[in-house]
Amino acid sequence: MTTVTSGLTTQQENRPSAAAKPVRWAADAVATMREGARLRLDYSAQSLWRVDRVIDGIRREGAPYAAVENALRGLGAYAGEVIVRQSGGEWWATGGDHWVRTPDGRLWDPIDEARRCFAGDGSLRLLCRDAATAG
């Protein structure tokens, strides 16, 4: 159980600085989905089914990549946060790129996976499943 101290959970207080941007991007995506699409994302692995469908819908609408790049980054970061919470992993960053490192030492790139989903060749749900069961 996570305890709350001064408005932040102990999990958030102890996060590495590499987590700052993707955690914010994920929170922004959750807020945008709640307000714009009336879709609640709860950081569960099951919620990634909905995220995959949202990205598929954006792709089918024919939106240009440049118009949805930030949304894809946010949805990828959201998937990364799901992996972090499911697996006990942590965010890593270098050169502006962000990955999730699971306890087994493997690196996962959920932000790039969101881009692959948009291209029609990826799944955040399956990435999370693979990362959470890696070992």
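Our structure is the block above this text.
Asker: Which residues make up helix 2 (residues 20-36), and what are the values?
Answerer: Here helix 2 spans 24 Å end to end across 17 residues, near enough to the 24 Å set by a 1.5 Å rise per residue. Regarding helix 2, the residues found buried are Pro-22, Trp-25, Ala-26, Ala-29, Val-30, Ala-31 and Met-33. Packed against the buried residues of helix 2 are helix 3 (47-60), helix 4 (65-87), strand 3 (90-94), strand 4 (97-101) and helix 5 (110-119). Positive backbone phi, approximately 55°, marks Arg-38, located one or two places after helix 2.

Asker: Could you give me a rundown of the environment of Ala-29, with the residues and numbers involved?
Answerer: Summarising the element assignment, Ala-29 is placed in helix 2. Note on Ala-29: relative accessible area 10%, which makes it buried. Look past the residues within four positions of Ala-29 in its chain and what remains in contact with it is Gly-74 and Leu-75.

Asker: Quick one: what's the story with the environment of Arg-50, residue by residue and with numbers?
Answerer: Residue position: Arg-50 is located in helix 3. Owing to a relative accessible area of 26%, Arg-50 belongs among the partly exposed residues under this scheme. In this structure the C-alpha to C-alpha distance between Arg-50 and Arg-125, which are 75 residues apart in sequence, comes to 9.0 Å. Those residues in contact with Arg-50, other than ones at most four positions away along the chain, are Leu-39, Arg-40, Leu-41 and Asp-42.

Cut-offs used in this document
- Residues numbered from 1 in each chain as written.
- Predicted model: local features only at pLDDT ≥ 70, side-chain atom pairs only at ≥ 80, totals over all residues.
- Heavy atoms only, no water.
- Helix = DSSP H or I, 4+ residues; strand = E, 2+ residues; numbered from the N terminus.
- Expected span 1.5 Å × (residues − 1).
- Buried < 20%, exposed > 50% of the residue type's maximum accessible area, 1.4 Å probe, protein only.
- Contact = heavy atoms within 4.5 Å.

Purely geometric numbers; function is a separate question.
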